[in-house]
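Structural overview
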Amino acid sequence: MTFARTKIQPPRPRPGFVPRGAVQARLAQALLARRLVLLCAPGGYGKTTLLAEEIARMGAGHAVAWVSVDAGDDLHRLLDCMVTALEPYDPPWRTAPEALIAAAARGAADEQRKVAAELVNTLDACEVAHGVVVFDDVHRVDDPAFFQFLDVVVERLSPRWTVALTTRDEPPLALARLRARDELAELREVQLRFARDEARRLAAAAGVEASVADRLFERTHGWPAGMRIALGALGGGTLAALDERALRTVERPMFDFLVTEVLAQLRPELADFLLATSVLPELEATRCEAVTGTAHAARLLDEIERLGLFVDVLDAPARTLRLHDLFRDALLQRLELDAPQRLAELRARAAASEPDPVRRIGFLIAAGEHEQAAQLVFEHLPLRMPVSGPSGAVHVLGQFPAAFRERSPELLYVRGLVAYLRWEFGAMFELQQRAEAGFAARDDAERLGMARASRVMALIALGRMDEAGDLLATLRGERLSLAGRILMLNAESWLALDTGRGYEVAGIVDAMLDLLEDAGRPDLWYQTTTPNRFPGLRGMGPPLARHAELLLRVAGDEPTPLRAIGLLCQAWGALWRGRLDEARSLEERANADADWVGHTGAVRGHLLALGAFRHAILGDAAVAVDLARRRVGELLGGYREWGRYVLWFFAGRVAGSCGDAPLLREALREIDVARSRLGTAGLPERTRMVEPLAAQLAWLDGRTGEAIARWQDALSHEQAIDVLGQASEVRLRLARALARDQRAGDAEALLRETVARAREDEGPGGALLAPDALRELCEAPGVDAGLRAQLRAWCGCLDAACRTQCARDDATPAGDAKERPAPAVALSPREVEVLARIAAGDGNKQIARSLDLSLHTVKRHVANILAKLDVASRGQAAHWYRTHGS
């Protein structure tokens, strides 16, 4: 949790609350019967007070998730608050809520619809009679994505849940549609203003006679805040003591006038304390002391609460007050007019005592300390983006003045990282180039190196290899920070692969891993995750295994994208060693992690490539080709020409392995289109990796002589073509062609080279991607007995994996879901323990304590249990346990 817990705590019912009769009854009924309840009126109409009062009156079995909105809150932060506020009710999430939040915040309409559907389903599966999600003061939200997402959620809410909003302005929601369906309840200024009898009751409680109450009612038009502050300003006097002109003005100027009157009646120390602490969203003694310098903040807070000075008391462990936003705004405006320098100093002190980096950045921006805020952005936001995605960073960056945002190298660098995560490599290049210039002007060599290394990666992704090489040559002679050296080596490994020097990659990766171990920064691990084409490179087995081990150590036991990548690296290693069942098991574990935490582009790319290759090896051509096409369809939009070239190369490899001539022909056409748009510098070496694909198409078309010539030419440039084990595959295919051509000696020489490479790599590697050639060569006449035994051992790997896959397919129930038998449950021992605690009535936190697990792990176990039992709620799972036992 990266926000103050007070954001998700509703105010306590206020002493002296004037019962509102019909208004309260209408609100109570609406909270149980409408999808959306909207309290919309200018400041001071008691929206929050009325809603908090009614929420407190809701009976047992009802759920309430209250979120107080602050200026600068975006969709990601508000959903984070909502999910945390829902935790006491143990929502049965099927996907990690953190992943849902990140997906929703990415802003794509289809993703928002999927997340909204899962959120609504999870809410509906909560075991509560009725639930209310409150967003208080949504007029402070300036993130359109929040309202877009909320529209989708409200549209799909079940009758058991309601969303309640308080706001000064009309929210940009589809209110007309909800009105037409009678799914919207609205309390506006007309309903929220005091009636005359309510005004008299309020005045009587303050010791003011009815005639004065009537005059106040007429002057304020029943405005609750005006009534309250005017009664306070009277101080036991008469209405004549108030400025008649002020009472006739509009609400906000009148309120400012009345605040001045109230402050004038307070002890100077208390009045100054109120002014100074108005910079804080919540008033808690320790932070108030840090901001004001007074040693007795707790006593002053007691006095403020006792006087009832427009504050709400929050239900927090330590006494915490929240000033009414209208009162707080008036105090801040007074500071801004009378003491702007002091206001800036107070905001800077508030920043110094703020534990949440995002809030601290906001305080510093408001204080005009843009440079200091930019330093925090550089230090903190890159660490958050691998988990929460780039949307939160974009919102924070948007709070800076535009001119400063365009010249600050720290902000330009972080914007470049955002572009990197979004695969916007052109923008990444331009932003990092400008960041370089800024850091160079400051003579900040360490950050200059980081920006320059990031720009190299952008150049490589754009296919501008010569420029990347020149820039790397410059970097090698510079003094770099640890992070800069890591990013440089990462770029070195990319460039080596993409310029036909794939056999250098293993050594570069090993050196990078040494530095990553020392750095201990998850964001750097995320930026240097293994590209899809690294597995299968010569000598890459040990570095790949080491990378996987270190990634899993950094990621820990909790599912994360890093952990999924670590499992996928292990799966690739198992695949190249011929351990196909182990590869499948690791692939499934990675996919389960990704289903829980969300599929990033990197994870999705690995999963689809690995799955396609594994099925191609097993001979499941239809499945392999489908996965290859899906990979192109899902990832193509994020790439420019070089990326498209490589993406279609993957598809071509799968097509060639499966003997699918139409897809292979299509891939080669698309590769030619991409190649025609690339620069010519260094192009031959960079593009040799596709030559074996043209050879395989010639073979499939019956042009045997051409295929043999092309394969032989490709092997003369082995390092350039040997991507994803392609050299071993080519040798097997060429060996089969030569054996058929009665050239047994040449074929045997190729087989010996293939077996020698397999011994070096501790597994058959790419040879498995030519399963048809492998099986034919096992029975070919004239093959050396030792070589034949090795080939048959590899075929045995394929046969064993095929038997396992067939057994799994036979065990999978077919037919319509309604006709499926009761689930064949295979709960792990830990899942059985968790299920037993659910059946005993324990919540997630109790289970976590009793089993010594993290709350996140418990949620994951609950999701697995519900999926395996094919049930929707914890209650249904508990019933299953009681019926079937353990």
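**Some words on the overall build of the chain**
Along the chain, the regular secondary structure elements total 48 helices and eight strands. Principal axes of the C-alpha set define a box for the chain whose edges measure 115 × 70 × 50 Å. Split into buried and exposed, the 886 residues of the chain put 57% on the buried side. Taking all contacts inside the chain whose residues are at least 6 apart in sequence as the whole, residues at least 24 apart take part in 70%. As presented, the chain carries roughly 34900 Å² of accessible surface, and 51% of it is formed by carbon and sulfur atoms. The centroid of the 111 positive side-chain charges in the chain is displaced by 2 Å from the centroid of its 122 negative side-chain charges.

**Some remarks on helix α28 (residues 505-519)**
Taking 1.5 Å per residue, 15 residues should reach 21 Å; α28 reaches 21 Å between its end C-alpha atoms and fits that length. Of all the residues in α28, the buried ones are V505, A506, I508, V509, M512, L513, L515 and L516. In the stretch just after α28, G520 is the one whose phi turns positive, near 65 degrees.

**With respect to the sheet that holds strand β3 (residues 130-136)**
Reading across the sheet, the five strands line up as β2-β3-β4-β1-β5 and stay open at both edges, with parallel pairing between neighbours. On the outer flanks of this sheet lie β2 (62-68) and β5 (184-188), each paired with one strand and no other. Going from strand to strand, the sheet's axes swing by 15 degrees on average, the running direction of each strand aside. Note: strand β1 (residues 36-40) against strand β4 (residues 161-167), five bridges, orientation parallel. Paired with V37 across the strands is A164, a residue of β4. Along the sheet, helix α6 (residues 144-156) contacts β1, β3 and β4; its crossing angle with β4, the most-contacted strand, is approximately 145 degrees.

**Structural notes on the state of the cysteines**
Under the definition given, this model contains zero disulfides. No disulfide involves C795; its sulfur sits 3.1 Å from the nearest other cysteine sulfur, which is in C778.

**Some details on the environment of C288**
Within the element layout of this structure, C288 appears in helix α15 (residues 285-292). Between the C-alpha atoms of C288 and P13, which are 275 residues apart in sequence, the distance is 23 Å. Once residues lying within four places of it in the same chain are set aside, the contact partners of C288 are F273, T277, L280, L283, G293, A297 and L301.

**Remarks on the packing of aromatic side chains**
In this structure the tally under the stated criterion is 11 aromatic pairs. Look at F146 and F147: their rings are 5.1 Å apart centre to centre, the planes differ by 75 degrees, and that puts the pair in the edge-to-face class. Taken individually, F146 and F147 each receive the classification buried, so the pair is uniform in this respect. Seen in terms of ring centroids, F649 and F650 are 6.4 Å apart; in terms of plane orientation they differ by 65 degrees. Their pairing is edge-to-face. In this pair, the class of F649 matches that of F650, namely buried. Ring-pair connections join several aromatic residues into one group, and the members of that group are W572, W576, F613, F649 and F650. The ring of F429 is capped by R464, whose NZ or CZ atom sits 4.6 Å from the centre of that ring.

**Quick word on the nonpolar core**
Within the largest apolar cluster, 229 residues are counted, with the highest numbers of intra-cluster contacts made by L51, I55, V377, Y413, W572 and F613. Top element by residues in this core is helix α31 (residues 561-576). It accounts for 11 residues. Beyond its immediate stretch of four places on either side in the chain, I55 contacts L31, V64, W66, V132 and V134. Counting residues in hydrophobic clusters, the runner-up holds 54 residues, among them V115, L123, F135 and V597.

**Remarks on unusual backbone geometry**
In this structure, E762 takes a positive phi of about 60 degrees despite not being glycine. For E762, the position within the fold is in the loop between α42 (744-761) and α43 (771-778). A positive phi angle is found at D852, which is not glycine, with a value near 55 degrees. Here D852 shows up in the loop between α46 (844-851) and α47 (855-869). Judged by relative accessible area, D852 falls into the exposed class, the value being 71%.

**Some details on the environment of V134**
Secondary-structure assignment places V134 in strand β3. Separated by 79 residues in sequence, V134 and I55 place their C-alpha atoms 9.6 Å apart. In this view, V134 contacts L51, I55, A65, W66, V67 and A164; residues no more than four positions away in its chain are not counted.

**Some points on the pairing of β2**
Counting buried positions along β2 gives six out of seven residues, so the element sits mostly inside the fold. Where β2 meets β3, seven bridges bridge the pair, whose relative direction is parallel. Bridging across to β3, H62 finds its partner in H130.

**Let's talk about the side chain of R533**
With respect to the helices, strands and loops of the structure, R533 is situated in the loop between α29 (522-527) and α30 (541-555). Judged by relative accessible area, R533 falls into the buried class, the value being 10%. Among the polar contacts listed, one links the side chain of R533 to the side chain of D498, at a separation of 2.6 Å. Those residues in contact with R533, other than ones at most four positions away along the chain, are L497, D498, W642, V646, F650, M689, V723 and L724.

**Digging into the side chain of R447**
Considering the arrangement of structural elements, one finds R447 in helix α25 (residues 445-461). Given a relative accessible area of 15%, R447 falls into the buried group. Residues contacting R447, with those up to four places away along its chain left out, are Q375, F378, E379, E410 and F439.

**What about the pattern of salt bridges?**
On inspection of all chains with the given rule, the structure shows 89 salt bridges. Its salt-bridge partner being R57, residue E54 comes within 3.3 Å of it at the nearest N-O pair. Residue classification places R57 among the exposed residues on the basis of a relative accessible area of 56%. Here R168 makes a salt bridge to D329, at a shortest N to O gap of 3.4 Å. Within this pair, whereas R168 is found in the loop between β4 and α7 (175-180), its partner D329 is found in helix α17 (residues 325-338), the two being separated by 161 residues in sequence. Taking relative accessible area as the criterion, R168 reaches 22% and is therefore assigned partly exposed. Taking the relative accessible area as the measure of exposure, D329 reaches 27% and is therefore partly exposed. Members of the salt-bridge network, linked through shared partners, are K7, D70, D73, R77, E282, R287, E354, D356 and R359.

**What to know about the packing of α17 against helix α18 (residues 340-352)**
Between α17 and α18, whose axes approach to 5 Å, the crossing angle comes to 125 degrees. On the basis of their axis angle, the class for α17 and α18 is oblique. Contact with α17, carried on its side by L332, L335, E336, L337 and D338, involves P340, R342, L343, L346 and R347 of α18 and no other residues of that element. For the contact of α17 with α18, the per-class residue count stands at six nonpolar, no polar and four charged.

**Let's talk about the confidence of the model for the chain**
Within the chain, residue pLDDT values average 87, and 92% of them lie at 70 or more. Low pLDDT, under 50, characterises residues 236-252; the stretch is placed with 29 contacts to residues that sit more than four places away or in other chains.

What counts and how
Residues numbered from 1 in each chain as written. Predicted model: local features only at pLDDT ≥ 70, side-chain atom pairs only at ≥ 80, totals over all residues. Heavy atoms only, no water. Helix = DSSP H or I, 4+ residues; strand = E, 2+ residues; numbered from the N terminus. Buried < 20%, exposed > 50% of the residue type's maximum accessible area, 1.4 Å probe, protein only. Contact = heavy atoms within 4.5 Å. Areas by Shrake-Rupley, 256 points an atom, 1.4 Å probe, with all protein chains shown as cover. Lys, Arg positive; Asp, Glu negative; His and termini not counted. Charge placed at Lys NZ, Arg CZ, Asp CG, Glu CD. Expected span 1.5 Å × (residues − 1). Pairing = 2+ DSSP bridges. Axes fitted to C-alpha atoms, helices over the stretch in contact; angles between N-to-C directions. Disulfide = S-S within 2.5 Å. Phe/Tyr/Trp six-rings, centres within 6.5 Å; stacked < 30°, edge-to-face > 60°. Lys NZ or Arg CZ within 6 Å of the ring centre and 35° of its normal. Core = buried A, V, L, I, M, F, W, Y, C linked by side-chain atoms within 4.5 Å. Polar contact = N/O pair within 3.5 Å; in protein donor to acceptor, adjacent residues only side chain to side chain. Salt bridge = Lys/Arg side-chain N within 4 Å of Asp/Glu carboxyl O. Parallel < 35°, antiparallel > 145°, perpendicular 65-115°, else oblique. Nonpolar A, V, L, I, M, F, W, Y, C, P; charged D, E, K, R; others polar. pLDDT = per-residue confidence, 0-100.

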